[in-house]
Amino acid sequence: MLKSFFIALLYAIENIRTNFFHTLLSIIGITIGVSALIIILSMIDGLEKYAEDQISSTTSVKVVEVSSRIMESIDGVTVRKEEPVILSAQIHQELMSNIDVPVSTYRVSEVARQIAIGDQQIGAQVYYSDSVYADYYTLEYGKHLFETNRNPENRQVAVVSSLLAKRIAGESFQPDSIIGTHVILDDKSFEITGIVKGFAQNSEVLIPIDFLTGRKLLTHPPLIAIEANEIVDVPKVRDMAQQWLVSSLYTPDDIRILSQDSRVNQAMQGFMLFRIIMGLIVGISVVVGGIGVMNVLLISVTQRTKEIGLRKAVGSKKADIYVQFLSESMVVSLFGTIVGIVFGIVTSLTIAPIVHQIIEIPFSPAFSLLTISIITIFSLLIGILFGTYPAYKASQLSPIDALRRE
């Protein structure tokens, strides 16, 4: 059976080659449809990736936050808890042992404070954090000394943003003049060991979370952030964190777990809807190309009636004729698909710089092997679908009537 199909395939290729211009329009129809699908879907995939990057850089859409509840309701009145649960390094470790998807995680506490450097008083956002959070910042000068092995003497150290460093030094900013100086925070002195590129438009100070102690620890307890590598993993991370909370000594009144599920779902559903709608619209071109294939094969059946009759007269079965014409339809569809994929990829790569020049964003098309595979299978199915009737019609011809026809 496989050998018969292979022979029919070779015969189909030979017929297409000898009647190439006869099938050219059908090939062009399939090519245009497939290339349009590749261009549109690659642009949508690229847009989705760009949007994900933008959402991730401006919001915590990939982050599940585990934080202490510092407020409670007593007789209908909301008051601050005297002793909220402190999310320690041990609790952090216990929580992460329950997470089995790729993530990055850190502890951090944000405090708005007035700091003193020399005779200057400056308002700043102070982040008590671990080394993982500190490493999110790009180090421009000096060193990060957040881990014990980096800071063996456990010195009171801090890292400041470049914006704060420039405010301190003024117009004569020199990194060396900032490194080694001290910032005073809550009557404690912290040595500046590094300058980083800040995320915010205000002054930022990073201090190891081990120095968040006493009353500040109770009023500004650290939160645990768990950032999933992929948006689709956010619900899984949240559910695993919920499972840990249920099995722990704490209750939802002690610890809350927050995520941006609605925004995650909206982003995923929006892009999926856009991809499906545009795929269906552009997919009409492939269907039109399939109709063209059917028309060409129907004409071919008419023109090759005598040949079909002769083949059946010398012993060819209906199945042989059927497979031959169906093979021709599949070859035309496959050839058009391959050319369309190549043309679509080249066109997409050509369009991307033009789009970038117009709207000035770092946008580029994204090519997915899954998308290309689906388009290829879809095109072959179109070829089979629209090649079935001509193949059936050819196989049903009577050899006597076919030989009589001029």
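Our subject is the structure listed above.
Note that the coordinates shown come from a computational prediction; the quantities given were computed from them, not determined experimentally. (Residues numbered from 1 in each chain as written. Predicted model: local features only at pLDDT ≥ 70, side-chain atom pairs only at ≥ 80, totals over all residues. Heavy atoms only, no water.)

Turning to unusual backbone geometry, a few remarks are in order. In this structure, D186 is a non-glycine residue whose phi angle is positive, near 50°. Tracing the backbone through its elements, the reader meets D186 in the loop between strand 8 (182-185) and strand 9 (188-197). The backbone of D187 shows a phi angle near 65°, a positive value even though the residue is not glycine. Looking at the secondary structure, you find D187 in the loop between strand 8 and strand 9. Judged by its relative accessible area of 79%, D187 is exposed. (Helix = DSSP H or I, 4+ residues; strand = E, 2+ residues; numbered from the N terminus. Buried < 20%, exposed > 50% of the residue type's maximum accessible area, 1.4 Å probe, protein only.)

The next point concerns the side chain of K62. Among the structural elements, K62 can be located in the loop between helix 2 (20-58) and strand 1 (63-68). Exposure remark for K62: the relative accessible area of 16% places this residue in the buried category. A distance of 3.3 Å separates a polar side-chain atom of K62 from the backbone oxygen of N229. (Polar contact = N/O pair within 3.5 Å; in protein donor to acceptor, adjacent residues only side chain to side chain.)

The subject of this paragraph is the nonpolar core. Residues I115, Y128, V160, I178, V205 and I207 are the most contacted members of the largest nonpolar core, which totals 24 residues. Elements supplying a minimum of two residues to this core: strand 4 (103-117), strand 5 (120-129), strand 7 (157-161), helix 5 (162-169), strand 8, strand 9 and strand 10 (204-208). When residues of this core are assigned to their parent elements, the largest contribution, four residues, is made by strand 5. Beyond its immediate chain neighbours, meaning those up to four positions away, V160 contacts A165, I178, I192, G194, I195, V196, E204 and V205. (Core = buried A, V, L, I, M, F, W, Y, C linked by side-chain atoms within 4.5 Å. Contact = heavy atoms within 4.5 Å.)

A few words now on a negative patch on the surface. Taken together, E72, E82, E83 and D253 make up a surface patch of like negative charges. Summarising the element assignment, E83 is placed in the loop between strand 3 (77-80) and helix 3 (89-96). (Patch = residues over 30% accessible without salt bridge, like charges linked within 9 Å, V, L, I, M, F, W, Y side chains within 5 Å. Areas by Shrake-Rupley, 256 points an atom, 1.4 Å probe, with all protein chains shown as cover. Salt bridge = Lys/Arg side-chain N within 4 Å of Asp/Glu carboxyl O. Lys, Arg positive; Asp, Glu negative; His and termini not counted. Charge placed at Lys NZ, Arg CZ, Asp CG, Glu CD.)

It is worth spelling out the pairing of strand 7 at this point. For strand 7, the tally of buried residues reaches five of five residues, placing the bulk of the element in the interior. Here strand 7 shows two buried faces, one formed by V157, V159 and S161 and the other by A158 and V160. Bridge count for strand 7 against strand 10 is two bridges, and the pairing is antiparallel. In the strand pairing of strand 10, V160 is matched with V205. (Pairing = 2+ DSSP bridges.)

With that settled, the discussion passes to helix 5. Every buried residue of helix 5 is accounted for by S162, L164, A165 and I168. Each buried residue of helix 5 sits inside an arc of 160° when the element is viewed along its axis, so together they form one side. G170 occupies a position one or two residues after helix 5 and carries a positive phi of about 75°. (Arc of directions from axis to C-beta.)

By the definition in use, this model includes five salt bridges. A salt bridge links D186 to R113, with the nearest nitrogen and oxygen atoms 3.3 Å apart. Taken together, the residues D186 in the loop between strand 8 and strand 9 and R113 in strand 4 connect sequence positions 73 residues apart. With a relative accessible area of 24%, R113 lands in the partly exposed category. Through salt bridges with shared partners, a single ionic network connects R113, D186 and K216.

This part is about a nonpolar patch on the surface. Residues L334, I338, V342 and V346 make up a contiguous nonpolar surface patch of roughly 340 Å² in combined accessible area. Looking at the element boundaries, V342 is found in helix 11 (residues 318-359).

Enumeration according to the criterion identifies six aromatic pairs in this entry. Centroid distance Y106 to Y133: 5.0 Å. Interplanar angle 50°. Geometry classified as tilted. Of this pair, Y106 sits in strand 4 while Y133 is found in helix 4 (residues 131-134), placing the two residues 27 residues apart along the sequence. Their ring planes at 70° and their centres at 5.8 Å tell us that Y133 and Y137 sit as a pair that is edge-to-face. Y137 shares its class with Y133; the two are buried. Cluster of aromatic residues (ring-pair linked, three or more members): Y106, Y127, Y133, Y136 and Y137. (Phe/Tyr/Trp six-rings, centres within 6.5 Å; stacked < 30°, edge-to-face > 60°.)

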